[in-house]
Each structure stands twice: as structure tokens, then as C-alpha cells.
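Spelled out from the first residue to the last, the chains are:
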Amino acid sequence: MKKRQTLNNFVYGFLLLLVPTIFFLMASDILAQEGSGKIQGVIKSPYVKRFPALIFIDHVDGTYPPPAEKVHVSQKDLLFAPHINPILNGTTVDFTNDDTVVHNVFTPPGSASGFNLGNYGQGVAKSYTFNNLGVSTLLCSVHPEMVAFVIVLQNPYYAISDNAGNFLIDNVPPGTYQIKFWNEKLEAPPQSVTVVAGKAETVTFNDLKKKD
Ligand SMILES: [Cu+2]
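Residues numbered from 1 in each chain as written. Predicted model: local features only at pLDDT ≥ 70, side-chain atom pairs only at ≥ 80, totals over all residues.

Caption draft 1: Representation of the overall build of the protein chain within the structure. In terms of regular secondary structure, the protein chain is built from one helix and 18 strands. Counting over 212 residues, the protein chain shows a buried share of 22%. Looking at the protein chain alone, contacts between residues at least 24 apart form 63% of all its contacts between residues at least 6 apart. (Helix = DSSP H or I, 4+ residues; strand = E, 2+ residues; numbered from the N terminus. Buried ≥ 20, exposed ≤ 12 C-beta atoms within 10 Å, placed from the backbone. Contact = placed C-beta atoms within 7 Å.)

See below:
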């Protein structure tokens, strides 16, 4: 008899915890659906398999402070990694030399931010804080084949296309936006999209031109 009572108490206790948990999860799901929408789409070009594209919202109302932690770009095996670096305005990037040879980091004319971190050897890290919106090309004066990109954004709503050219920007506040396309080889005009809470809007980029 006593054993059974203990079991009953356990079951009641479990239900007392479970029921509010279920309601909480349901409510938070509804709130998430009400609060935001998605932008999904595809880039119709064979180039995006080798050269992924960055899809981003030009401007979203609000302020989006940079992360407290630095972003890391490595120079390893004579490559910059990552190759494409979307960051929020004000973000500091640590550039580390993870090779045994000397590297350099500089941005050519036409970049949103102009800097040259000098030449430095293995194990050394140098930092730069990006305060200009737009694209900065990263080059190494020692190895002309090395190239990468930092794209400084106003807001965190962006995506990099996958192998098939698909992309998804999630948790977007409702509103009408300009969707911009950036790719190192291709260009496409911006598109206007209206994001509705709880819905996914589809954007297709098929008007692609090779950059000069
Ligand atoms: Cu180098």
C-alpha cells in the first residue's frame, strides 16, 4: 500500500511539472511564429557551387552591437580561412598566421576599410576593428594568390548560399526590406521583399551578371 502511494505521488509530481512545461513550449512556439518570418531562396548560377554568395538585408531598424568576442580569420596553408566573413559593424577581427612562412594582411583601394597589418610570422595575431559598412578585400603582399573578403553589415540577418545555391535567413522581424546579393564573381540587383510574421518569403536570384 505504501509503495503504491509513493508511486502515485511520483506520477502526480511528474504531471504537475509536465503540464506547465507543455503549455510554456506551445506558447513560446506561437510567440516565435508571431514575432518573425523567414526569407528563403535560391541563386540560379553554376558559379555559386564554387563561389558561395552572401545574401543580406540592407537595413533593419534597430541597433545591432558587435559581438564582445573577436572574430578569427586564419592564414593557413597559404589560404585565408574563412574565405567569406560577414560581420556586424564594429566587430574586431583577429588575423593569425598559422603557417611557417611570413604573411601579410592588407586591403586594396576600393575596399570599405583601408589598412595594412604589416608582415608577420608564425603564431602572431594582429587585430583590426571594422567600422565601415561594405566589402573589404583581404590580400597578402607575400602571396598574390591569397584573397578573402570581410563584409561589414548593419544587421545580423544574412545567409551564405549552400552548394546548390539555396539560402535561408531565419527569425527576421516583419517589414519591407531590400535584399542584397554579394558574390566575388557575380552581381545581381537588390530585390524588395516583405516579411510577414510566421511566413517564409521566397526570393530567387536569376538575373546574374559576371563582374568586370
Ligand atoms: Cu601570405
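Caption draft 2: Structural detail: the sheet that holds strand E12 (residues 158-160). With antiparallel pairing, four strands are arranged side by side in an open sheet as E12-E2-E14-E16. The open sheet terminates on both sides in strands that have one partner only, identified here as E12 and strand E16 (191-195). Between one strand axis and the next, the sheet turns by 25 degrees as a mean value, whatever way the strands run. The sheet contact formed by strand E2 (residues 54-57) and E12 spans three bridges and is antiparallel. For Ile55, the partnering residue across the bridge sits in E12 and is Ala159. (Pairing = 2+ DSSP bridges. Axes fitted to C-alpha atoms, helices over the stretch in contact; angles between N-to-C directions.)

Caption draft 3: Focus on the sheet that holds strand E6 (residues 92-97). Sheet architecture is open: four strands sit in the order E4-E3-E6-E9, paired in mixed fashion. Each edge of the open sheet is held by one strand with a lone partner, namely strand E4 (79-81) and strand E9 (125-129). Neighbour to neighbour, the strand axes of the sheet diverge by 20 degrees on average, direction disregarded. In this sheet, E6 lies alongside strand E3 (residues 71-76) in parallel orientation, the contact comprising five bridges. Each bridged residue has a counterpart across the sheet, and for His72 the counterpart in E6 is Asp94.

Caption draft 4: Quick look at the environment of Asn104. The residue Asn104 is located in strand E7 (residues 103-106) in this model. With 19 C-beta atoms counted inside 10 Å, the residue Asn104 sits in the partly exposed group. Once residues within four sequence positions are removed from consideration, Asn104 is found in contact with Leu117, Gly118, Asn119, Cys140, Ser141 and Val142.

Caption draft 5: Representation of the pairing of E6 in the model. Note: E6 against E9, five bridges, orientation antiparallel. Within E9, the position partnered with Thr96 by the bridge is Ala125.

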